[in-house]
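# Results of the structural survey
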Amino acid sequence: MAEGVAYWWRGRLHSEREAPPLAVPLRLVKIEAVEWLCPKCGVRAEWGPEPRCPRCGARCEPRTLVEEVPELVDAIEALERAFNRACKARVRGAVLLEPFSPLLPLFAWRVLDVELPDGSRLVGVYAGKPRFLKRGFHNGSTATFELPGNLAVIVWSGGVVECLVFEVEEPLKLVELLSG
Ligand SMILES: [Zn+2]
(Lines give C-alpha, C1' and ligand atoms only; values in the text may rest on other atoms or scores of the structure.)
Protein backbone atom coordinates (compact mmCIF):
# COMPACT_ATOMS: atom_id res chain seq x y z
CA MET A 1 0.00 0.00 0.00
CA ALA A 2 1.34 3.40 -0.99
CA GLU A 3 2.12 5.70 1.91
CA GLY A 4 -0.83 7.89 2.79
CA VAL A 5 -3.29 6.54 0.22
CA ALA A 6 -6.49 4.63 0.85
CA TYR A 7 -8.98 3.12 -1.56
CA TRP A 8 -12.63 4.07 -1.09
CA TRP A 9 -15.44 1.80 -2.25
CA ARG A 10 -19.11 2.04 -1.22
CA GLY A 11 -18.36 3.82 2.06
CA ARG A 12 -15.38 1.72 3.14
CA LEU A 13 -11.62 2.29 2.97
CA HIS A 14 -9.34 -0.47 1.72
CA SER A 15 -5.63 -1.00 1.30
CA GLU A 16 -4.36 -1.16 -2.27
CA ARG A 17 -4.07 -4.95 -2.17
CA GLU A 18 -7.63 -5.63 -1.09
CA ALA A 19 -9.28 -2.72 -2.95
CA PRO A 20 -12.02 -3.62 -5.45
CA PRO A 21 -11.09 -2.73 -9.06
CA LEU A 22 -13.12 0.50 -9.12
CA ALA A 23 -12.26 1.75 -5.63
CA VAL A 24 -11.34 5.45 -5.64
CA PRO A 25 -7.74 6.24 -4.59
CA LEU A 26 -7.81 9.02 -1.99
CA ARG A 27 -4.86 10.74 -0.35
CA LEU A 28 -4.90 10.63 3.41
CA VAL A 29 -4.63 14.10 4.87
CA LYS A 30 -3.21 14.68 8.35
CA ILE A 31 -5.37 16.88 10.53
CA GLU A 32 -4.82 18.03 14.09
CA ALA A 33 -7.58 17.53 16.61
CA VAL A 34 -7.66 18.37 20.30
CA GLU A 35 -9.18 16.15 22.94
CA TRP A 36 -9.55 16.93 26.64
CA LEU A 37 -8.48 14.23 29.07
CA CYS A 38 -8.76 13.95 32.83
CA PRO A 39 -5.23 13.86 34.32
CA LYS A 40 -6.46 11.52 37.12
CA CYS A 41 -8.65 8.93 35.46
CA GLY A 42 -7.96 9.48 31.77
CA VAL A 43 -11.62 9.94 30.88
CA ARG A 44 -12.34 12.11 27.90
CA ALA A 45 -14.38 15.24 28.57
CA GLU A 46 -17.07 16.72 26.39
CA TRP A 47 -15.99 19.91 24.69
CA GLY A 48 -16.87 23.00 26.74
CA PRO A 49 -15.43 26.37 27.79
CA GLU A 50 -13.75 24.70 30.77
CA PRO A 51 -13.85 20.94 30.17
CA ARG A 52 -14.22 18.87 33.34
CA CYS A 53 -14.02 15.14 33.86
CA PRO A 54 -17.49 13.56 33.73
CA ARG A 55 -16.40 11.02 36.38
CA CYS A 56 -14.41 12.93 39.06
CA GLY A 57 -14.98 16.54 38.09
CA ALA A 58 -11.26 17.40 37.79
CA ARG A 59 -10.18 19.99 35.26
CA CYS A 60 -9.14 18.25 32.04
CA GLU A 61 -6.03 18.93 29.96
CA PRO A 62 -5.79 19.27 26.22
CA ARG A 63 -3.94 16.71 24.10
CA THR A 64 -3.29 17.22 20.42
CA LEU A 65 -3.98 14.27 18.18
CA VAL A 66 -2.92 13.86 14.58
CA GLU A 67 -5.52 11.98 12.59
CA GLU A 68 -5.43 10.85 9.00
CA VAL A 69 -8.64 11.42 7.08
CA PRO A 70 -9.30 10.81 3.38
CA GLU A 71 -9.34 13.93 1.20
CA LEU A 72 -12.70 15.02 -0.15
CA VAL A 73 -13.06 14.82 -3.93
CA ASP A 74 -16.11 15.58 -6.06
CA ALA A 75 -17.93 12.99 -8.15
CA ILE A 76 -16.22 13.68 -11.47
CA GLU A 77 -12.73 13.55 -9.95
CA ALA A 78 -13.56 10.39 -7.98
CA LEU A 79 -14.91 8.61 -11.06
CA GLU A 80 -11.97 9.62 -13.26
CA ARG A 81 -9.55 8.21 -10.66
CA ALA A 82 -11.59 5.03 -10.27
CA PHE A 83 -11.92 4.44 -14.02
CA ASN A 84 -8.22 5.16 -14.53
CA ARG A 85 -7.33 2.31 -12.21
CA ALA A 86 -9.22 -0.15 -14.41
CA CYS A 87 -8.32 1.31 -17.82
CA LYS A 88 -7.30 4.59 -19.42
CA ALA A 89 -9.99 7.23 -18.83
CA ARG A 90 -10.44 10.93 -19.49
CA VAL A 91 -13.28 13.34 -18.63
CA ARG A 92 -15.00 14.63 -21.78
CA GLY A 93 -17.89 16.69 -20.48
CA ALA A 94 -20.90 17.05 -18.23
CA VAL A 95 -24.47 18.27 -18.60
CA LEU A 96 -27.15 18.96 -16.05
CA LEU A 97 -30.29 16.85 -16.32
CA GLU A 98 -32.36 18.65 -13.72
CA PRO A 99 -36.14 18.61 -14.29
CA PHE A 100 -36.21 21.77 -16.38
CA SER A 101 -33.06 21.01 -18.31
CA PRO A 102 -33.43 21.65 -22.05
CA LEU A 103 -31.67 18.33 -22.69
CA LEU A 104 -33.32 14.94 -22.50
CA PRO A 105 -31.07 11.87 -22.67
CA LEU A 106 -31.67 9.69 -25.73
CA PHE A 107 -30.05 6.59 -24.30
CA ALA A 108 -31.13 3.84 -21.96
CA TRP A 109 -28.74 3.57 -19.05
CA ARG A 110 -28.27 0.63 -16.79
CA VAL A 111 -29.72 1.51 -13.40
CA LEU A 112 -27.24 1.34 -10.50
CA ASP A 113 -26.87 2.74 -7.02
CA VAL A 114 -23.23 3.33 -6.14
CA GLU A 115 -22.32 5.79 -3.41
CA LEU A 116 -19.45 8.21 -4.20
CA PRO A 117 -17.04 9.78 -1.67
CA ASP A 118 -18.76 13.20 -1.77
CA GLY A 119 -22.12 11.66 -0.85
CA SER A 120 -23.54 11.81 -4.36
CA ARG A 121 -24.78 8.60 -5.99
CA LEU A 122 -24.04 7.07 -9.33
CA VAL A 123 -27.52 5.98 -10.46
CA GLY A 124 -26.91 4.87 -14.01
CA VAL A 125 -24.31 4.07 -16.64
CA TYR A 126 -24.37 3.86 -20.44
CA ALA A 127 -21.65 2.52 -22.73
CA GLY A 128 -21.72 4.48 -25.98
CA LYS A 129 -21.81 8.03 -27.28
CA PRO A 130 -24.35 9.97 -25.19
CA ARG A 131 -26.98 11.86 -27.21
CA PHE A 132 -29.60 14.26 -25.97
CA LEU A 133 -32.77 15.75 -27.34
CA LYS A 134 -32.87 19.52 -27.18
CA ARG A 135 -36.40 20.56 -26.36
CA GLY A 136 -37.98 23.12 -28.64
CA PHE A 137 -39.62 25.59 -26.29
CA HIS A 138 -41.34 28.02 -28.61
CA ASN A 139 -41.63 26.76 -32.15
CA GLY A 140 -41.87 23.02 -31.37
CA SER A 141 -38.69 22.18 -33.24
CA THR A 142 -36.30 19.62 -31.82
CA ALA A 143 -32.63 18.96 -32.38
CA THR A 144 -30.12 16.53 -30.96
CA PHE A 145 -26.90 17.21 -29.13
CA GLU A 146 -24.01 14.85 -28.57
CA LEU A 147 -21.20 14.80 -26.08
CA PRO A 148 -17.84 13.32 -27.09
CA GLY A 149 -16.90 10.18 -25.19
CA ASN A 150 -17.99 6.57 -24.96
CA LEU A 151 -19.15 6.16 -21.36
CA ALA A 152 -21.85 8.21 -19.67
CA VAL A 153 -22.69 8.02 -15.99
CA ILE A 154 -25.71 9.59 -14.35
CA VAL A 155 -24.97 11.09 -10.94
CA TRP A 156 -27.57 12.24 -8.44
CA SER A 157 -26.47 14.85 -5.93
CA GLY A 158 -28.85 16.70 -3.64
CA GLY A 159 -31.76 16.73 -6.08
CA VAL A 160 -29.66 17.60 -9.11
CA VAL A 161 -29.01 14.97 -11.76
CA GLU A 162 -25.96 15.29 -13.92
CA CYS A 163 -24.60 13.27 -16.82
CA LEU A 164 -20.80 12.95 -16.72
CA VAL A 165 -19.08 11.72 -19.86
CA PHE A 166 -15.75 9.94 -20.14
CA GLU A 167 -13.57 8.59 -22.92
CA VAL A 168 -12.39 5.19 -21.70
CA GLU A 169 -10.50 2.31 -23.21
CA GLU A 170 -12.96 -0.41 -22.26
CA PRO A 171 -16.48 0.97 -21.64
CA LEU A 172 -18.18 -2.42 -21.41
CA LYS A 173 -15.65 -3.67 -18.84
CA LEU A 174 -16.37 -0.62 -16.69
CA VAL A 175 -20.13 -1.15 -16.94
CA GLU A 176 -19.64 -4.74 -15.77
CA LEU A 177 -17.37 -3.68 -12.90
CA LEU A 178 -19.85 -1.01 -11.78
CA SER A 179 -22.72 -3.51 -11.89
CA GLY A 180 -20.81 -6.11 -9.89
ZN1 LIG B 1 -11.39 12.22 36.25
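Rules and cut-offs
- Residues numbered from 1 in each chain as written.
- Predicted model: local features only at pLDDT ≥ 70, side-chain atom pairs only at ≥ 80, totals over all residues.
- Heavy atoms only, no water.
- Helix = DSSP H or I, 4+ residues; strand = E, 2+ residues; numbered from the N terminus.
- Rg over C-alpha atoms; globule rule 2.2 N^0.38 Å.
- Buried < 20%, exposed > 50% of the residue type's maximum accessible area, 1.4 Å probe, protein only.
- Contact = heavy atoms within 4.5 Å.
- Areas by Shrake-Rupley, 256 points an atom, 1.4 Å probe, with all protein chains shown as cover.
- Core = buried A, V, L, I, M, F, W, Y, C linked by side-chain atoms within 4.5 Å.
- Donors = N, O, S within 2.8 Å, 3.2 Å for Na, K, Ca; no water.
- Tetrahedral: all angles 85-135°; square planar, octahedral: opposite > 155°, others 65-115°.
- Pairing = 2+ DSSP bridges.
- Axes fitted to C-alpha atoms, helices over the stretch in contact; angles between N-to-C directions.
- Salt bridge = Lys/Arg side-chain N within 4 Å of Asp/Glu carboxyl O.
- Expected span 1.5 Å × (residues − 1).
- Phe/Tyr/Trp six-rings, centres within 6.5 Å; stacked < 30°, edge-to-face > 60°.

When you go through the chain residue by residue, the secondary structure sums to 2 helices and 12 strands. Mapped in sequence order, the helices and strands of the chain form the string β-β-β-β-α-β-β-β-β-β-β-β-β-α. Against the globule reference of 16 Å for 180 residues, the chain gives a C-alpha radius of gyration of 23 Å, more extended than a compact globule. Across its three principal directions, the C-alpha atoms of the chain cover 75 × 45 × 20 Å. When the 180 residues of the chain are sorted by exposure, 38% land in the buried category. Of all intrachain contacts in the chain linking residues separated by at least 6 positions in sequence, the fraction that spans at least 24 positions is 57%. For the chain, the exposed area adds up to about 10,700 Å²; of that, 52% sits on carbon and sulfur atoms.

Time to look at the environment of G124. With respect to the secondary-structure elements, G124 resides in strand β8 (residues 121–127). In the structure, G124 is positioned 11 residues away from D113 in sequence and 7.3 Å away in space, judged by C-alpha atoms. In this view, G124 contacts W109, R110, V111, L112, A152, V153 and I154; residues no more than four positions away in its chain are not counted.

For the rest of this paragraph, the subject is the nonpolar core. Core analysis: the largest hydrophobic core is formed by 26 residues, its most contacted members being L79, F83, L122, L151, V153, V168 and L174. Within the residue set of this core, elements represented by two or more residues are β1 (5–9), α1 (75–86), β7 (110–115), β8, β11 (151–157), β12 (160–168) and α2 (171–179). In contact with V153, other than residues within four places in its own chain, are L79, F83, L122, G124, V125, E162, C163, L164 and F166. Residues V95, L97, A152 and C163 belong to the second largest nonpolar core, which totals 10 residues.

All of the protein donors around the zinc ion are C38 (SG), C41 (SG), C53 (SG) and C56 (SG); their distances to the metal are 2.1 to 2.4 Å. Seen from the zinc ion, its 4 donor atoms lie at angles of 104 to 123°, and the figure they make is tetrahedral. The partly exposed category is assigned to C56, whose relative accessible area is 41%.

Read from one edge of the open sheet, 3 strands run β6-β9-β10, paired in antiparallel fashion. Each end of this open sheet is capped by a strand with a single partner; those strands are β6 (103–105) and β10 (143–146). The sheet shows a mean angle of 35° between the axes of neighbouring strands, taken without regard to direction. Relative to β10, strand β9 (residues 131–134) runs antiparallel, the two being bridged by 4 bridges. By the bridge assignment, K134 is partnered in β10 with A143.

It is worth spelling out the pattern of salt bridges at this point. Summed over the entire model, instances satisfying the criterion amount to 13 salt bridges. Note that R81 and E77 form a salt bridge whose closest N and O atoms lie 2.8 Å from each other. Of this pair, R81 and E77 are both found in helix α1, 4 residues apart, which corresponds to roughly one turn of the helix. Residue classification places E77 among the partly exposed positions, given a relative accessible area of 30%.

Here we take up α1. Relative to the 16 Å expected for 12 residues at 1.5 Å per residue, α1 spans 17 Å between its end C-alpha atoms, a close match to the ideal helical length. Every buried residue of α1 is accounted for by A75, A78, L79, R81, A82, F83 and A86. Buried positions along α1 lie against β3 (24–37), β5 (89–96), β8, β11, β12 and α2.

Summed over all chains, the structure comprises 5 aromatic pairs. On the numbers, 5.8 Å between centres and 80° between planes, the contact of F107 with F132 is edge-to-face. Taken together, the residues F107 in the loop between β6 and β7 and F132 in strand β9 connect sequence positions 25 residues apart. The class of F107 is buried, set by a relative accessible area of 10%. Here F132 falls in the buried class, since its relative accessible area comes to 0%. Taken together, the ring pairs connect F107, W109, Y126, F132 and F145 into an aromatic cluster.

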